[in-house]
Amino acid sequence: MHIDNSTVVLGIESSCDETAAAIVMGGNDVLSSVVSSQIDIHAKFGGVVPEVASRAHLELIQPVINEAIQLAGIGAERINAVATTIGPGLIGALLVGVSAGKAMAYGLDVPFIGVNHLEAHLYAALLEEPQLPFPAVVLLVSGGNTLLIHMTAPGEYSLLGATIDDAAGEAFDKIARFLDIGYPGGPAIDAAAQQGNPQSIEFPRAMLHDGLDFSFSGLKTSVINYVRKNPGVASHDVAASFQCAVVDVLVAKTLRAAQQVDAKSIVLGGGVAANSLLRSEMQRVGSAAGFHVALPSKAMCTDNAAMIASAGWYRLRDHGPSGLNVGAIPHLSLTGSTVRGNRAGRK
Ligand code: KG4
């Protein structure tokens, strides 16, 4: 099959709590992108409930796909391939998207492409900035991952560093729950921090001068211990000081990585890349050091299907289709292997 700028890919995403579909032409031209979030459904539980997520995906998947096709102003027969997230994520949630994607591909008689959700995050910046200067260092920060990636071209990447315990987003979510300031935790801390003083409490910056790996579990414990010892402390000061500690480490290590590999660009990706302090500090520090800093829009940082369709287009062009026998892989890692441990199944 010949893949070019007119090749239209339907992308489908259902790995966690967003049901999403998008139509992307030629890898970068987003004709439509529909995201239906389940935040309200899970809010009363304080976190994503896997079984509830699967059932909601089941109800939403077909209407969301139909809406994406309609908004793109095309007929379904114009779709040349279907790309779907196969992992990592929640098994029941993934299965809904994978089944829908395969059924669409089979029904339309077009190729099916299984996409790694983490790899797709690397394409989000390219969607908005197709001329992104390479090599790039990507900081991928989400609810289940904190990764520093050296990307020399689309589809060519290697891992420079990762968290050795909690992911950055996980730390945001846990601290927000502990402070009882709202759900989801990241945006709640971000908002509370606007009212607080980031210098009010000196929380630890773990492994700041030590390699390119991260650790956030000590910071989490330190925040919890501080609040227990100082029950009168204002939540917004804790939120601001905690956020500042996380961002300091993320920015310092990304900058060091970019200098080490002589990168031209620094790119942010993943849900935590929507954080306002991380965005402004990365822009300020990265530009001052001479790097091009790519900050995808917040809609592209969080889960969406346009990045799945884009990654699918590149994968189809460079590696061909997946075949309909590929299944959902909840523990899929960035390098294609499967991961185990307490964060397995989270992205
Ligand atoms: O990539 P993503 O949408 O999906 C999963 O990892 O499931 O990332 C979600 C994570 C959550 O931990 C959420 O709290 C965090 O991204 N997040 C933020 C912000 N917006 C979302 N963290 C900090 N500041 C934000 N503004």
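Computed from a predicted structure; not experimentally measured.

1. Structural notes on the site of the ligand
Turning to step 1, where the next piece is worked out: Around the ligand sit 19 residues, and of these Gly 143, Asp 173, Gly 186, Asp 190 and Gly 271 come closest.
Turning to step 2, where the next piece is worked out: One of the side-chain N or O atoms of Asn 275 is found 3.0 Å from a nitrogen atom in the ligand.
Turning to step 3, where the next piece is worked out: Within the side chain of Asp 303, a nitrogen or oxygen atom sits 3.5 Å from an oxygen atom of the ligand.
Turning to step 4, where the next piece is worked out: Starting from 560 Å² of accessible surface for the ligand in isolation, the protein chains cover 90%.
Turning to step 5, where the next piece is worked out: Those elements giving two or more residues to the shell around the ligand turn out to be α5 (168–179) and α6 (185–193).
Turning to step 6, where the next piece is worked out: When residues of the shell around the ligand are assigned to domains, at least three fall in each of domain 1 (8–124 + 300–319) and domain 2 (130–297).

2. Remarks on empty space enclosed by the protein
Turning to step 1, where the next piece is worked out: The tally for this structure, following the rule as stated, stands at 1 cavity of 30 Å³ or more.
Turning to step 2, where the next piece is worked out: Empty space within the largest cavity amounts to approximately 30 Å³.
Turning to step 3, where the next piece is worked out: Around the largest cavity, the lining residues are Pro 204, Arg 205, Ala 206, Ser 215, Phe 216, Leu 219, Ala 245, Val 246 and Val 249.
Turning to step 4, where the next piece is worked out: Broken down by element, the residue count for the lining of the largest cavity peaks at 3 residues, all from helix α8 (residues 235–260).
Turning to step 5, where the next piece is worked out: Across the lining of the largest cavity, the residue classes tally to 7 nonpolar, 1 polar and 1 charged.

3. Some words on helix α3 (residues 91–108)
Turning to step 1, where the next piece is worked out: Taking 1.5 Å per residue as the helical rise, α3 with its 18 residues ought to reach 26 Å, and the 25 Å between its terminal C-alpha atoms agrees with that figure.
Turning to step 2, where the next piece is worked out: Residues of α3 that are buried: Ala 93, Leu 94, Val 96, Gly 97, Val 98, Ala 100, Gly 101, Met 104 and Ala 105.
Turning to step 3, where the next piece is worked out: Elements in contact with the buried residues of α3: β1 (8–13), α2 (50–72), β4 (81–87) and β5 (112–116).
Turning to step 4, where the next piece is worked out: At the C-terminal side of α3, Asp 109 shows a positive phi close to 60°.

4. Focus: the side chain of Thr 84
Turning to step 1, where the next piece is worked out: Relative to the assigned elements, Thr 84 resides in strand β4.
Turning to step 2, where the next piece is worked out: Overall, Thr 84 belongs to the buried group, its relative accessible area being 0%.

5. Comments concerning the sheet that holds strand β2 (residues 18–25)
Two modes of strand pairing occur in sheets, parallel and antiparallel, and in both the strands are linked by backbone hydrogen bonds.
Turning to step 1, where the next piece is worked out: The strand order β3-β2-β1-β4-β5 describes an open sheet built from 5 strands, whose pairing is mixed. On the outer flanks of this sheet lie β3 (29–37) and β5, each paired with one strand and no other. Pairwise comparison of adjacent strand axes, ignoring direction, gives a mean angle of 20° for this sheet.
Turning to step 2, where the next piece is worked out: Judged from the 5 bridges that link them, β4 and β5 form a sheet pairing that is parallel. Paired with Ala 83 across the strands is Ile 113, a residue of β5.
Turning to step 3, where the next piece is worked out: Packing of helix α4 (residues 117–128) onto the sheet brings it into contact with β1, β2, β3, β4 and β5, and relative to β5 it is tilted by some 90°.

6. Points about the pairing of β1
Turning to step 1, where the next piece is worked out: Across the 6 residues that make up β1, a large majority, 6, are buried.
Turning to step 2, where the next piece is worked out: Here β1 shows two buried faces, one formed by Val 8, Leu 10 and Ile 12 and the other by Val 9, Gly 11 and Glu 13.
Turning to step 3, where the next piece is worked out: Between β1 and β2, which follow one another and run antiparallel, lie 4 residues.

7. Thoughts on the state of the cysteines
Turning to step 1, where the next piece is worked out: Throughout the structure, instances matching the rule amount to 0 disulfides.
Turning to step 2, where the next piece is worked out: Cysteine Cys 16 remains unbridged, with the sulfur of Cys 301 as its closest cysteine sulfur at 16 Å.
Turning to step 3, where the next piece is worked out: For the unlinked cysteine Cys 244, the closest cysteine sulfur is that of Cys 301, found at 20 Å.

8. Regarding the packing of α5 against α8
Turning to step 1, where the next piece is worked out: The geometry of α5 relative to α8 is characterised by a closest axis approach of 11 Å and an angle of 170° between their N-to-C directions. Comparing the axis directions of α5 and α8 gives the class roughly antiparallel. In this structure, α5 contributes Ala 168, Ala 171, Phe 172, Ile 175 and Leu 179 to the contact, and α8 contributes Ser 235, Val 238, Ala 239, Phe 242, Gln 243 and Val 246.
Turning to step 2, where the next piece is worked out: In terms of residue class, the contact of α5 with α8 is made up of 9 nonpolar, 2 polar and no charged.

9. With respect to the packing of α2 against α3
Turning to step 1, where the next piece is worked out: Between α2 and α3, whose axes approach to 9 Å, the crossing angle comes to 35°. Crossing of α2 over α3 shows right-handed handedness. Contact residues: α2 offers Ser 54, His 57, Leu 58, Ile 61, Gln 62, Ile 65 and Ile 69, while α3 offers Gly 92, Ala 93, Val 96, Gly 97, Ala 100 and Met 104.
Turning to step 2, where the next piece is worked out: Counted by class, the contact of α2 with α3 contains 8 nonpolar, 5 polar and no charged residues.

What counts as what
Residues numbered from 1 in each chain as written. Predicted model: local features only at pLDDT ≥ 70, side-chain atom pairs only at ≥ 80, totals over all residues. Heavy atoms only, no water. Near = heavy atom within 4 Å. Polar contact = N/O pair within 3.5 Å; in protein donor to acceptor, adjacent residues only side chain to side chain. Areas by Shrake-Rupley, 256 points an atom, 1.4 Å probe, with all protein chains shown as cover. Helix = DSSP H or I, 4+ residues; strand = E, 2+ residues; numbered from the N terminus. Domains from an automatic or database assignment. 1 Å grid on protein atoms, 1.4 Å probe; cavity = no way out; pocket = protein on both sides within 12 Å on 5 of 7 lines; lining within 4 Å. Points joined across faces, edges and corners; volume = space filled by probe spheres on them. Nonpolar A, V, L, I, M, F, W, Y, C, P; charged D, E, K, R; others polar. Expected span 1.5 Å × (residues − 1). Buried < 20%, exposed > 50% of the residue type's maximum accessible area, 1.4 Å probe, protein only. Contact = heavy atoms within 4.5 Å. Pairing = 2+ DSSP bridges. Axes fitted to C-alpha atoms, helices over the stretch in contact; angles between N-to-C directions. Disulfide = S-S within 2.5 Å. Parallel < 35°, antiparallel > 145°, perpendicular 65-115°, else oblique. Left-handed = near helix turned anticlockwise from the far one by under 90°.

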